[in-house]
Amino acid sequence: MDIKITRTENPKVKPTDESKLGFGRIFTDHMFIVEYDKGIGWHDARIVPYGPLCLDPASPVFHYAQEIFEGTKAYRLPNGEVGSFRLIDNARRMNRSADRTCMPALDEDFQVEAISRLIDLDRDWVPSSEGTSLYIRPTMIADGKSLGAHSAERFIYFVICAPSGSYYPDGMKPVRIRIEQRYVRAVKGGMGRAKTGGNYAASFKATKEAMDAGFNQVLWLDGREQKYVEEVGAMNMMFVIDGKIVTAELGDTILPGVTRDSVITLAKDRDMIVEERRISVKELYEAHAEGRLTEAFGTGTAAVISPVGELQYMGESIIINNREIGSVAQMFYDILTGIQRQTVEDIHGWIAVIPHY
Ligand SMILES: *Cc1c(COP(=O)(O)O)cnc(C)c1O
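Bear in mind that the values here come from a model prediction, so they are computed numbers and not experimental data.

Domains assigned within the protein chain are domain 1 (4–166) and domain 2 (175–341). Every contact between the two is made by 25 residues of domain 1 and, on the other side, 20 residues of domain 2. Buried surface at the junction of domain 1 and domain 2, summed over both partners, amounts to about 1900 Å²; 52% is from carbon and sulfur atoms. On the surface where domain 1 and domain 2 come into contact, there are one salt bridge. Among the secondary structure elements, those contributing two or more residues to the side of domain 1 that touches domain 2 are strand 4 (67–69), strand 5 (72–76) and helix 2 (87–100). Ranked by residues supplied to the side of domain 1 that touches domain 2, first place goes to helix 2 with six residues. Residues of the side of domain 1 that touches domain 2, tallied by class, amount to seven nonpolar, nine polar and nine charged.

The structure is reproduced here in structure tokens:
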């Protein structure tokens, strides 16, 4: 499929102070759009000036939340080029999310090409200071004009990009996390594995209550027994127990993070033992009491690695690694950001230089 490019005639003023970028508030000059109609398939792929979408108020996305998205980043490389990180894995996950939500797949190589062309066109927007990146948000929504409670027949896939500041402007700092005992995020057979907006809507109340109580995030438990730890907000969780890396096994209820997979791969490269299995809160608290739980950290595109300094369950807190950044968390942070900045060798070929089309 050809991608028609219409350049903006009114380029926006680019932010000059990269320390004030924040996250997801400023968008580049262009966006990618492609449409799908039943019986026709995907059509009219185009890059156009960034701007509002015009949707019918009866579009199913507004009523039945038929929506999925992705999140990935592009980085300014030392030689001034721009690199994407494991984009094909995000395209694959998009299609898995599409399958779960009854939306049409979009060819994975085409997704990568479309995103790469968009980044190429807006490459001057990619910031370069330490920790900054171009955040990329592919999204698919159900469109059309029907309140029928079934899958739509028309869809829109679009990609927008936001130059984003460092996640850690004041340095990496261990967070406080509350283990959620009241609400659940996902259940077996549900949508936990899909990156869909509805999962976020379902999580905001618990997160707000935890934040009002002084925590940064919630750690979700399994939806059935509420015994086993699953994941945090938009991060997978890893624990270091007896020197081994332990993380929840993937299944219906856990989002298979690209960062999670990267950390597991890097750990195995270094002959570290990685266990993907169920982990109960009880096991964590016992391991902590016996001094065997030495670190906990989240993994996700936004933060890369987020060390956890405190976990609280039913009012009882455990302090992890004296609220300091652990050596394992620091090591993975340094390796991953090093690969993204090309100061560490990229043996898995995760970085792709964006072509000049
Ligand atoms: C996106 C996301 C993650 C992290 O995935 P990455 O690919 O590592 O960014 C983890 N959990 C949830 C619920 C997510 O939406």
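Attention now goes to the packing of helix 6 (residues 258–269) against helix 8 (residues 327–340). One can describe the packing of helix 6 onto helix 8 by two numbers: an axis separation of 11 Å at closest approach and a directional angle of 110 degrees. With respect to their mutual orientation, helix 6 and helix 8 come out roughly perpendicular. For the pair formed by helix 6 and helix 8, the contact residues are Thr-259, Ser-262, Val-263, Leu-266 and Ala-267 on the first element and Phe-332, Ile-335, Leu-336 and Ile-339 on the second. Each residue belonging to the contact of helix 6 with helix 8 can be placed in one class, and the counts come to seven nonpolar, two polar and no charged.

Now for the environment of Gln-312. By the secondary structure assignment, Gln-312 is in strand 16 (residues 304–313). Overall, the relative accessible area of 15% leaves Gln-312 in the buried class. C-alpha separation for the pair Gln-312 and Arg-178, spaced 134 residues apart in sequence, amounts to 4.8 Å. For Gln-312, the contacting residues outside a window of four places in its chain are Arg-176, Ile-177, Arg-178, Ile-179, Phe-215, Tyr-285 and Ser-317.

Residues in close proximity to the ligand total 15 residues, the closest being Lys-195, Tyr-200, Glu-231, Thr-259 and Thr-301. Glu-231 has a polar side-chain atom sitting 2.5 Å from a nitrogen atom of the ligand. A distance of 2.8 Å separates an oxygen atom of the ligand from a polar atom in the backbone of Val-258. Here the ligand is seated within the largest pocket.

Our focus in this paragraph is the nonpolar core. The biggest cluster of nonpolar side chains holds 51 residues, and the ones touching the most others in it are Leu-219, Phe-239, Leu-284, Phe-297, Leu-311 and Phe-332. Broken down by element, the residue count for this core peaks at seven residues, all from helix 8. Summarising the domain contributions, this core has at least three residues from each of domain 1 (4–166) and domain 2 (175–341). Other than its neighbours up to four places away in sequence, Leu-311 contacts Ile-177, Ile-179, Leu-219, Phe-239, Leu-284, Tyr-285, Glu-316, Ser-317, Ile-318 and Ile-320. In terms of nonpolar packing, the next biggest core, distinct from the first, is built from 32 residues, Ile-3, Phe-32, Val-34 and Ala-98 among them.

Cut-offs used in this document
- Residues numbered from 1 in each chain as written.
- Predicted model: local features only at pLDDT ≥ 70, side-chain atom pairs only at ≥ 80, totals over all residues.
- Heavy atoms only, no water.
- Domains from an automatic or database assignment.
- Contact = heavy atoms within 4.5 Å.
- Buried area = accessible area lost by both parts, 1.4 Å probe.
- Salt bridge = Lys/Arg side-chain N within 4 Å of Asp/Glu carboxyl O.
- Helix = DSSP H or I, 4+ residues; strand = E, 2+ residues; numbered from the N terminus.
- Nonpolar A, V, L, I, M, F, W, Y, C, P; charged D, E, K, R; others polar.
- Axes fitted to C-alpha atoms, helices over the stretch in contact; angles between N-to-C directions.
- Parallel < 35°, antiparallel > 145°, perpendicular 65-115°, else oblique.
- Buried < 20%, exposed > 50% of the residue type's maximum accessible area, 1.4 Å probe, protein only.
- Near = heavy atom within 4 Å.
- Polar contact = N/O pair within 3.5 Å; in protein donor to acceptor, adjacent residues only side chain to side chain.
- 1 Å grid on protein atoms, 1.4 Å probe; cavity = no way out; pocket = protein on both sides within 12 Å on 5 of 7 lines; lining within 4 Å.
- Sits in = over half its atoms within 2 Å of the grid points.
- Core = buried A, V, L, I, M, F, W, Y, C linked by side-chain atoms within 4.5 Å.

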